[in-house]
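# Observations on the model geometry
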Amino acid sequence: MSKRVLTTESGAPVADNQNSATAGVGGPILLQDQHLLEKLARFNRERIPERVVHARGSGAYGYFEVTDDVTAYTKAAFLGEVGKKTETFIRFSTVADSLGGADAVRDPRGFALKFYTEEGNYDLVGNNTPVFFIKDPIKFPDFIHSQKRDPFTGKQEADNVWDFWAHAPEATHQITWLMGDRGIPASYRHMNGYGSHTYQWTNEAGEAFFVKYHFKTNQGIRSLSAEQAAELVGKDANSHQTDLLQAIERGVNPSWTLYVQVMPAAEAAEYRFNPFDLTKVWPHSDYPLQRVGRLVLDRNPENVFAEVEQAAFSPNNFVPGIGPSPDKMLQGRLFAYADAHRYRLGVNHTLLPVNAPKATTAENYGRDGFMATRNGSRHDKNYEPNSYQGPAQTDAALSAPLAIHGWTGTHEAPAHTKDDDFFQAGELYRLMSEDEKKRLIANIAGGLSQVSREDVIEKNLAHFAAADADYGKRVAEAVRALRED
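Here is a short report on the structure shown in this document. (Residues numbered from 1 in each chain as written. Predicted model: local features only at pLDDT ≥ 70, side-chain atom pairs only at ≥ 80, totals over all residues. Heavy atoms only, no water.)

### A closer look at the overall build of the chain
Within the chain one finds 12 helices and 10 strands. For the chain, whose C-alpha radius of gyration is 25 Å, the value lies close to the compact-globule estimate of 23 Å for 485 residues. By principal-axis analysis of the C-alpha atoms, the chain measures approximately 80 × 65 × 50 Å. Each of the 485 residues in the chain was classed as buried or not, and the buried ones make up 45%. Expressed as a percentage of contacts within the chain between residues at least 6 apart in sequence, the contacts between residues at least 24 apart total 74%. By element, 53% of the accessible surface of the chain is carried by carbon and sulfur atoms, the whole surface being about 25000 Å². Treating the 52 positive side-chain charges of the chain as one cloud and the 63 negative ones as another, the clouds have centres 3 Å apart. (Helix = DSSP H or I, 4+ residues; strand = E, 2+ residues; numbered from the N terminus. Rg over C-alpha atoms; globule rule 2.2 N^0.38 Å. Buried < 20%, exposed > 50% of the residue type's maximum accessible area, 1.4 Å probe, protein only. Contact = heavy atoms within 4.5 Å. Areas by Shrake-Rupley, 256 points an atom, 1.4 Å probe, with all protein chains shown as cover. Lys, Arg positive; Asp, Glu negative; His and termini not counted. Charge placed at Lys NZ, Arg CZ, Asp CG, Glu CD.)

Encoded structure:
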């Protein structure tokens, strides 16, 4: 079998890929060596800007299968009948560190899922925790800056992390999650995933429901202690990537069962918690989990850069029957995610194979820009409406309208009867066993004791005490003991 011929980018055969062209034997390299110049220039441009958050990630293909009838709540076609399967792509990630960071660290995990449905791609962008640190997107850049590497020291600083949290009491609930036993998953396979935000489902009759997504791992929850994680990072910084890749290659296909909590839209205004507050959960006793289907991962990407690094997820990619809610953080992400991909990958990133629809065809009037591959022909117009059978609107709303009222302005979220920043953090603490509480206290104290300012420490201690008196007392004692050593 003859070998394939190595060529330049333009398709010309390469005569010598081992030696540069020179002016005589041992002479200087010639500027006319097109193959050398092209090779070096392309090498210099192999990297694209990494994601500001969720930079370090792993991905896999699979399918979602409907196991239970949810047509009473949504008209989404991919959820339309029991047994229906839809191809998916998922990207797991850590949040704060860079592309070269380690996997086994104490950090939330991204859980971003793309459904290639016959009505277009539906992106569900969540985390492995049901809540988040903040409730308003205007604070997101500040929050991430506080968690990233300090501009002067070049490393994450406890002073920055805890100073921001001292001024963000709503973070107390998520801190309790993060510093607890599930703060360092043993692998991507052994953690739950959550839509985290509140979304809207709409059925065929136009009735609206608010929902929260819960993907429960069928492998069981497994987490690492701080000591186990430190040891694992030293052995394999890519431990989560290694585990996911090898499991699927062995045919051990990880799976999750999807449940939803469903709230009739009319109940939202009077619910005891603000149902659109990302720092809050809906207790299952109020809105029980209802099974929807199962997610199975069965195929690894062939090229990590093309299919994981260039994978673009945006929560504004909805399909008929699914839409947004008044969740402020979700509203901010509807813009920010798509805009991040336009910056990183270019305006035509939706044409890349991993991002393009698979069960339907994208039909619109987007044209040109960097790396445009779909510009139409002489018969295709680039405006709408037109008289040439170009794609036209359906006049069918994707989701039910949301009622709005009041004056424009920078308002705080409306207060519900149990809306404070500490109640649910205290509830979570009181659910923990004594051993779980001890580990939680040790994890918090380990970071908080490194803060240089006493006033920042005291502000954070007040948050834990407001959540639960015992919680605050024990954190204060643990911090004091570490600072006296």
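### Focus: the pairing of strand 1 (residues 57–66)
In terms of burial, strand 1 is a largely internal element, 10 of the 10 residues being buried. Covered by surrounding structure in strand 1 are Gly57, Gly59, Tyr61, Tyr63 and Glu65 together with Ser58, Ala60, Gly62, Phe64 and Val66, the residues of both alternating faces. Note: strand 1 against strand 2 (residues 85–94), nine bridges, orientation antiparallel. In the sheet register, Ala60 faces strand 2, and the bridge partner there is Ile90. (Pairing = 2+ DSSP bridges.)

### Considering the environment of Phe305
Tracing the chain through its elements places Phe305 in helix 7 (residues 304–309). Separated by 257 residues in sequence, Phe305 and Ile48 place their C-alpha atoms 9.8 Å apart. Those residues in contact with Phe305 that sit more than four places away from it in its chain are Glu46, Ile48 and Gln310.

### Overview of the side chain of Arg91
Mapped onto the fold, Arg91 is located in strand 2. The side chain of Arg91 sits in the buried core without any salt bridge; Glu309 is the nearest counter-charge, 4.4 Å away. Of note is the side chain of Arg91, whose polar atom sits 3.1 Å from the backbone oxygen of Ala55. (Salt bridge = Lys/Arg side-chain N within 4 Å of Asp/Glu carboxyl O. Polar contact = N/O pair within 3.5 Å; in protein donor to acceptor, adjacent residues only side chain to side chain.)

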